[in-house]
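Okay, here's what each chain looks like letter by letter:
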Amino acid sequence: MIPISCKSVLLDIEGTVSPVAFVFDVMFPYARDHAGSFLFTNWTDEATRRAVEAMAIDYGFKNSSDWFGSESAFSEAARQKVVMRSVYHLMDNDAKLTGLKSLQGLIWRKGFETGQLVSELFPDVVPRLRTWKACGLDLYIYSSGSITAQKLFFGHTGNGNLLQLFSGFFDTTSGNKKVAKSYRVISESIGCPTSDICFISDVVAELDAARESGMQTILRPAAACEDNDHPVIDSFAAVELVKN
């Protein structure tokens, strides 16, 4: 058993509460397959516009007009194709960029709301989250996926709507997950000292950054666990809450 004494638990999603295969084999292909039709149907929506502007900035442009360049003189369809090509390119490289993640979240919304997507969680996760919540812990999510996508994910799981278990959600707008400052930003946002937060992830570099910020850390190992000095679990049932 790994004992923790904290007030808040901060959780990664992919590989930590959900199998990596669900994200890579189900969610990502869905976003890729529906990107074209989504952009065609929702191109003028404000949320889509914001996501596209964020993608332009991610690419180093001042705005989407600079990004599209000569394409802006052509049709909306031509500009949509620019975005589509970029979505494919960034997804092929597993880019953790805010604009891409925002657009993916918008595409996934339809999938979750129509029942085409149902989130898969490790079987040990939900019972432990409910126990921790009942014991008074505040639960938070920190993922590279957008906050919109996170809420859709936990609102449409095989265990039902789990949003009531969580006190907040954080994404890359809080900073890079491999940088200690990001965890301090989250700590300040929730009003809890880093020393009273336990971060659980399957990525050692993220845990190193969280520990540098002062957080407690636990590694749920990925398929090939690299050398590390963080406490390691293979099930949430191995985490024991110790009261302060």
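Throughout this document, residue positions are counted from 1 along each chain, in the order its sequence is written. Confidence filtering applies because this is a predicted model: local features only for residues at pLDDT of at least 70, side-chain atom pairs given and counted only at 80 or more, and all residues used for totals across whole chains, interfaces and linings. With hydrogens and water stripped out, all remaining heavy atoms of the structure feed into the side-chain values.

### Thoughts on the side chain of S18
We count a stretch as a helix when DSSP gives it H or I for four or more residues in a row; a strand needs E for two or more, and each element gets its number in order from the N terminus. Looking at where S18 falls in the secondary structure, it is placed in the loop between β2 (8-11) and α1 (20-42). Accessible area is worked out with a 1.4 Å probe on protein chains only. A residue is then buried under 20% of its type maximum, exposed over 50%, and partly exposed in between. For S18, a relative accessible area of 0% translates into the label buried. For the purposes of these results, a polar contact is taken to be a pair of N or O atoms within 3.5 Å, where, inside protein, one atom must be able to donate a hydrogen and its partner to accept one; residues adjacent in sequence count only when each atom of the pair is a side-chain atom. At 2.7 Å, the side chain of S18 and the backbone oxygen of E120 are in polar contact. Note on definitions: a residue-residue contact is assigned when non-hydrogen atoms from the two residues lie within 4.5 Å. Apart from the residues within four sequence positions on either side, S18 is in contact with I13, E120, L121, F122 and F153.

### Some thoughts on the pairing of strand β5 (residues 197-201)
A large share of β5 lies buried, amounting to five of its five residues. Here β5 shows two buried faces, one formed by I197, F199 and S201 and the other by C198 and I200. In the sheet, β5 pairs with strand β6 (residues 216-219) via four bridges, with the strands oriented parallel. Of the residues in β6, the one forming a bridge with S201 is L219. Whether a crossover is right-handed comes down to one check: with the strands pointing away from the viewer, does the path from the first strand over the helix to the second run clockwise; if it does, it is right-handed. Running through helix α9 (residues 204-213), the crossover from β5 to the neighbouring parallel element β6 is right-handed. A pair of strands is considered paired only if DSSP assigns at least 2 bridges between the two.

### Quick look at the nonpolar core
Burial of nonpolar side chains together is a common tendency in soluble globular proteins. To form a nonpolar core, buried Ala, Val, Leu, Ile, Met, Phe, Trp, Tyr and Cys residues must be joined to one another through side-chain atoms within 4.5 Å. Of all hydrophobic cores here, the largest spans 59 residues; its most connected members are V83 and F166. Looking at this core, the element that brings in the most residues is α1, giving nine residues. Those residues within four positions of V83 in sequence are excluded, and the remaining contacts are L39, W43, V52, M55, W67, F68 and L103. In terms of nonpolar packing, the next biggest core, distinct from the first, is built from 16 residues, Y140, Y142, Y183 and M215 among them.

### A word on the pattern of salt bridges
The salt bridge criterion pairs a side-chain nitrogen of Lys or Arg with a carboxyl oxygen of Asp or Glu, the two atoms within 4 Å. As enumerated under the stated definition, the model contains twelve salt bridges in all. Two residues, R109 and E113, come together in a salt bridge whose shortest N-O distance is 3.5 Å. Of the two residues, R109 and E113 are both situated in helix α5 (residues 98-113); the distance of four residues between them amounts to about one turn of the helix. On the accessibility criterion, R109 (33% relative accessible area) is partly exposed. One network of salt bridges, in which partners are shared, links D12, K177 and E206.

### Section: helix α6 (residues 125-134)
Along α6, the residues that are buried comprise V125, V126, L129 and W132. Down the axis of α6, the smallest arc covering the buried residues is 125°, so these residues share one side. Taken together, the buried residues of α6 touch β2, β3 (138-142), β5 and β7 (239-241). A positive backbone phi angle near 100° is found at G136, which sits one or two residues after α6. Throughout, the arc means the angular range of directions from the helix axis out to the C-beta atoms.

### A few points about the packing of α1 against α5
Relative to each other, α1 and α5 sit at 95°, their axes nearing to 9 Å. When the interaxial angle is binned, α1 and α5 end up roughly perpendicular. Along its contact with α1, which presents M27, F28, Y30, A31, H34, A35, F38 and L39, the element α5 presents K101, L103, Q104, L106, I107, W108, K110, G111 and F112. An axis is simply a line fitted to the C-alpha atoms; with a helix, the fit covers only the stretch in contact. Between two such axes, the angle follows the N-to-C directions and lies from 0 to 180 degrees. An angle counts as roughly parallel when it lies under 35 degrees, as roughly antiparallel when it exceeds 145, as roughly perpendicular when it falls between 65 and 115, and as oblique in every other case.

### With respect to the packing of aromatic side chains
Only Phe, Tyr and Trp rings are paired, with Trp represented by its six-membered ring, and only when their centres lie within 6.5 Å; those with planes under 30 degrees apart are stacked, over 60 edge-to-face, the remainder tilted. The full count for this structure, using the stated rule, is 14 aromatic pairs. Note on F22 and F153: the rings are 6.0 Å apart at their centroids and 70° apart in plane angle, and the pair reads as edge-to-face. Taken as a pair, F22 in helix α1 and F153 in helix α7 (residues 147-155) lie far apart in primary sequence, 131 residues in all. Two conditions define a charge located above a ring, namely a distance within 6 Å from the ring centre to NZ of Lys or CZ of Arg, and an angle within 35 degrees of the ring normal. Directly above the aromatic system of Y142 lies the positively charged group of K177, at a separation of 5.4 Å from the ring centroid. Positioned above the aromatic ring of F122, the side-chain terminus of R220 is 4.2 Å from the ring centre.

### A closer look at helix α4 (residues 76-92)
The span one expects for a helix is its residue count, reduced by one, times 1.5 Å. Helix length check: α4 (17 residues) gives 24 Å between terminal C-alpha atoms against 24 Å at 1.5 Å per residue, within 8%. Looking only at α4, the buried set comprises A78, R79, Q80, V82, V83, S86, V87, L90 and M91. Those residues of α4 that are buried lie in contact with α1, α2 (46-58), α3 (64-68) and α5. Just downstream of α4, D94 is the residue with a positive phi angle, here 50°.

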